Structures are given as C-alpha cells and as structure tokens.
Amino acid sequence: MSSKHHHRGLELSASKSFVSKKWTFFLCIGFFCAGILFSDRMWPEPEGNVLSREASDDRLRLESEDCDSSKKGLKRESKDILGDVYKSPDAIQTLDKTISTLEMELVAARAAQESIMNGSPVSDDFKIPETVTRRKYLMVVGINTAFSSRKRRDSVRATWMPPGEDRKKLEEEKGIVMRFVIGHSATPGGILDRAIQAEESKHGDFLRLEHVEGYLELSAKTKAYFTTAFAMWDADFYVKVDDDVHVNIATLGAELARYRMKPRVYIGCMKSGPVLAQKGVRYHEPEYWKFGEEGNKYFRHATGQLYAISRELASYISINQNVLHKYVNEDVSLGSWFLGLDVEHVDDRRLCCGTTDCEWKAQAGNMCVASFDWSCSGICRSADRMKDVHRRCGEGPNALLAASF
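Residues numbered from 1 in each chain as written. Predicted model: local features only at pLDDT ≥ 70, side-chain atom pairs only at ≥ 80, totals over all residues. Heavy atoms only, no water.

As named in an unreviewed UniProt entry, the protein is Hexosyltransferase, taken from Microthlaspi erraticum. Annotation of the protein in UniProt includes, under Cofactor (unreviewed entry), the sentence "Mn(2+)". What UniProt states about the protein under its Sequence similarities (unreviewed entry) heading is, verbatim, "Belongs to the glycosyltransferase 31 family." (UniProt positions renumbered as here; feature names shortened; annotations may be inferred.)

Caption draft 1: Representation of the nonpolar core in the model. Residues Met139, Trp160 and Ile267 are the most contacted members of the largest nonpolar core, which totals 46 residues. Residue assignment for this core shows that the elements contributing at least two residues are β1 (136-144), β2 (176-184), β4 (234-242), α8 (249-257), β6 (265-271), β7 (301-310), α12 (382-393) and α13 (399-402). Setting aside chain neighbours within four positions, we find Trp160 in contact with Ile143, Met178, Val241, Val245, His246, Val247, Ile249, Met386 and His390. With 28 residues, the next largest nonpolar core counts Leu207, Phe230, Trp233 and Ala314 among its residues. (Core = buried A, V, L, I, M, F, W, Y, C linked by side-chain atoms within 4.5 Å. Buried < 20%, exposed > 50% of the residue type's maximum accessible area, 1.4 Å probe, protein only. Helix = DSSP H or I, 4+ residues; strand = E, 2+ residues; numbered from the N terminus. Contact = heavy atoms within 4.5 Å.)

Caption draft 2: Representation of the packing of aromatic side chains. For the structure shown, the criterion picks out ten aromatic pairs. Measuring from ring centre to ring centre gives 5.5 Å for Phe291 and Tyr327, while their planes differ by 50°; the resulting arrangement is tilted. Here Phe291 is found in the loop between β6 and β7, whereas its partner Tyr327 is found in the loop between α9 (311-319) and α10 (330-337), with 36 residues between them in sequence. With respect to class, Phe291 is no different from Tyr327; both count as buried. Taken together, the aromatic side chains of Phe291, Tyr298, Phe299 and Tyr327 make up a single cluster linked through ring pairs. Above the face of the Tyr137 ring, Arg135 is positioned so that its terminal group lies 4.6 Å from the ring centre. (Phe/Tyr/Trp six-rings, centres within 6.5 Å; stacked < 30°, edge-to-face > 60°. Lys NZ or Arg CZ within 6 Å of the ring centre and 35° of its normal.)

Caption draft 3: Quick peek at the environment of Lys223. As for its placement among the helices and strands, Lys223 is situated in helix α7 (residues 218-232). Considering only alpha carbons, one finds Lys223 and Asn322, 99 residues apart in sequence, at a separation of 9.7 Å.

Caption draft 4: Layout of the sheet that holds β4. Here seven strands make up an open sheet; going across it, the order is β3-β2-β1-β4-β7-β6-β8 and the pairing mixed. Taken across any chain shown, the strands that pair with only one partner, and hence form the sheet edges, are β3 (206-212) and β8 (344-347). Sheet twist, expressed as the average angle between the axes of neighbouring strands with direction ignored, equals 25°. Summarising the sheet, β2 and β3 pair through four bridges and their orientation is parallel. Counterpart to Val181 in the pairing with β3 is Leu207. (Pairing = 2+ DSSP bridges. Axes fitted to C-alpha atoms, helices over the stretch in contact; angles between N-to-C directions.)

Caption draft 5: Structural view of the packing of helix α4 (residues 150-157) against α12. Two elements in contact, α4 and α12, have axes whose closest approach is 8 Å; the angle formed by their N-to-C orientations is 10°. Taken together, the axes of α4 and α12 lie roughly parallel to each other. Counting all contacts with α4, which are made through Lys151, Arg152, Ser155 and Val156, the residues of α12 involved are Ser382, Ala383 and Met386. Residue classes in the contact of α4 with α12 are distributed as three nonpolar, two polar and two charged. (Parallel < 35°, antiparallel > 145°, perpendicular 65-115°, else oblique. Nonpolar A, V, L, I, M, F, W, Y, C, P; charged D, E, K, R; others polar.)

Caption draft 6: Seen up close, α10. α10 sits mainly inside the fold: eight of its eight residues count as buried. Among all positions of α10, only Glu330, Asp331, Val332, Ser333, Leu334, Gly335, Ser336 and Trp337 are buried. On its buried face, α10 is in contact with α7, β4, β6, β7 and α9.

Caption draft 7: Expanded view of the state of the cysteines. Summed over the entire model, instances satisfying the criterion amount to four disulfides. Residue pairing for Cys353: its cysteine sulfur links by disulfide to Cys368, the two sulfurs lying 2.1 Å apart. Taking the sign of the torsion about the S-S bond as the criterion, the disulfide between Cys353 and Cys368, at about -90°, is left-handed. Of the two residues, Cys353 sits in the loop between β8 and α11 (358-363) while Cys368 sits in the loop between α11 and β9 (370-371), which places them 15 residues apart along the sequence. Like Cys368, Cys353 is buried. The disulfide partner of Cys358 is Cys393, and the gap between their sulfur atoms is 1.8 Å. The chirality of the disulfide connecting Cys358 with Cys393 is right-handed, given an S-S dihedral of about 50°. Of the two residues, Cys358 sits in helix α11 while Cys393 sits in helix α12, which places them 35 residues apart along the sequence. Pair check on accessibility: Cys358 and Cys393 agree, each one buried. Counting its disulfide-bonded cysteines in sequence order, the protein shows a connectivity of 1-2, 3-5, 4-8, 6-7. (Disulfide = S-S within 2.5 Å.)

Listed below in structure tokens is the structure:
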C-alpha cells in the first residue's frame, strides 16, 4: 500500500513538473509581447523629435524649391544684365563702378586685418560705412616727407600746395587730394610723433601711415602709401612726389587726364641707371648680383622725385603688398613690381625739368609739371629757394581755378 502511494506521488510530481515547464514557455512569450505593448504605450517617441523630423523634411522640400527658383532667377538676371550691357554703354560704367567698389572693400578689409594682426588700432579711415557713395577723384598727390623736414613742408604750403579751405575746395570741385605722407617714429608717441600731431592739428594736411620711418625703408613706405591711399580715396591716379620738388598741380592734372582711358599706366621720367655694386657709394645696390654681370644697368623705371600710377596698378600693389619684393632704392622697387605686367610706361620729360630751364619753358608756353636740380635729387636748399622757383616757373594763382579735367 505504501509502495503504491509512493509510486502515485512520483507520477503526480512528474506530471506537475511537465505542465509547469510547458506553461512557463508560453507564459514567457506572453509576458514578452505584453512588455513590448506596454513599452510602446508608456514611452512613445518624444513629440519634439517627430515635429523636428517633419519640420526638417518640410525645410528640405522648401529649400529645394527655392534653389530651383533661384537658379531660374539668376539665369533671368544674368540675361537681363548682359542685355543691358549690349544696349547701353552706361551699364558698362555701372559694372565698372561695382567692381571698383568691391576692390575698395577688399583692400580696406585687408588693411584693417593687417592693423589688427600687427596689434595696431584700426583707423577710422579704413572704416567705409557707405562705399556706394564714395566719390571719384582725379588724383591723390602724396608728398613724401620726414620728421626733420618742417621747413620744407612750410615752403610747399607757401607756394604750390593750397592751404586749408582752398585745399578742401580743390578736393570737392576738382577731385584733387593733396597730403604730406609720413609714418611713425621708432618710439611711438615720442617727441617726433607729437610734433607731427601738433602740425596736423594746425594744418590738417597729413596722411599718417602704419610704417616706421627710416631712409632704408623708403620702399616699404612707398608700398604703404599706395595701399593706404587706394583704400581711402577712389582716384584715377596716385602720385608720389618728394617735398623738395616744385609741382604745377593744374598742369599735372591736365597731363594725367590724357591717360584716363588707359587702365595700367606708369608715368614719370624713365631712366635706366647703372647697378652700383660698390659698397659705401650713394645708391649702392646690395642685391646687385640679381642684375647679372657687374656694370649692368637697371630695367626702365621712373625717377623717384615724381611719378604717377593709374588706379589699377595701385590696386595691384595693395592686393599683392605682402609678396612684392623691396629693393633698397624705392624707385627701383616700384619699377620691379610692374615687370611682367601689361603696363604702359610713359616717359614724360615735363615731370623732371631743371630749375634753370623751367623758366624759359614756361615763357615759351611749355609749362613744366615738376622742377628740381638733378645734382641734389631735388631743389638744392629747397626750404630757401622754393619761393623763387615758384615765382619763375609756377603756373599762376588762377590756373587751378580755371582748370577743367
């Protein structure tokens, strides 16, 4: 009896164990499905993700449509512009003005960037709030000067450079800008800089450069002048002249105006002097070996007392200033920058008259543009003799007022 009950108990426990395993399998599947259903209902995808995905799809669709419409619009606009160009020469001038404006903005931005990189404050002159309204000038005349040349500057102010209000009137009515060009001393804020600031407060006729003054740095100063002047004034020509040279401004303006329609013009008294390899002599060329055998001559370039370049060449210097090589002589440097370019060299001997022959040329009706003494590379003792040269060789007090360029 006990053995039967024991056998039956074993069967029941085995049966329960078998049922338990089958139901456990089905129950696991059931709970798994229930878990998935519960998760979907309790943790749905955040509404923001759904909206952002929908918004992204809509945005992509709209951008695609805008892109297509923009392409069609650009095609129509380009056809219209080309049509205007062929219809009217005024459209060409408009396009040229637009290109000029963009070039001015590029140069101003680069000048500001260099000032920032050099740790210098950005001058207000480089901040062009309304480039569209910038007026066009005939020429910018930069008179190269030094800290020690106060008497020379005063002699220029007393003769061929109009003072104060007359100079401003010259800018407004004739489009002629005139400034003494100078940088800074090796000790910024020192006595030399303060003297120039005081002189500027009195006359208002300086163009200050981000440049440290020094005779061996004239090439760098020339580059800085053209870059700065181009950024500040939109002119047809940019002129550099020394402060010991006499200039007839109306005659200079009339001469330059003849070349207004030519894009790349380099005007001056062209020369090709010997390359001086010997140390210690004036105008020694440290890089003489670049010019071939000893005794060779330089390429043709304008003498440094006075020269003028057209707007496109000033733009070229401004854009490429960081890669233009500087020779020790600034007139050689300027000439070298134009080698390889399609530039018209104009050799005009009226830009380098002597102080002895300018008088009889003026009497003969062949007025000189600039006069100086070759032996001094300028007017000898110019601070004392400038008035005399102006009296004998000047174009007269009413020449500028009557001039029309």
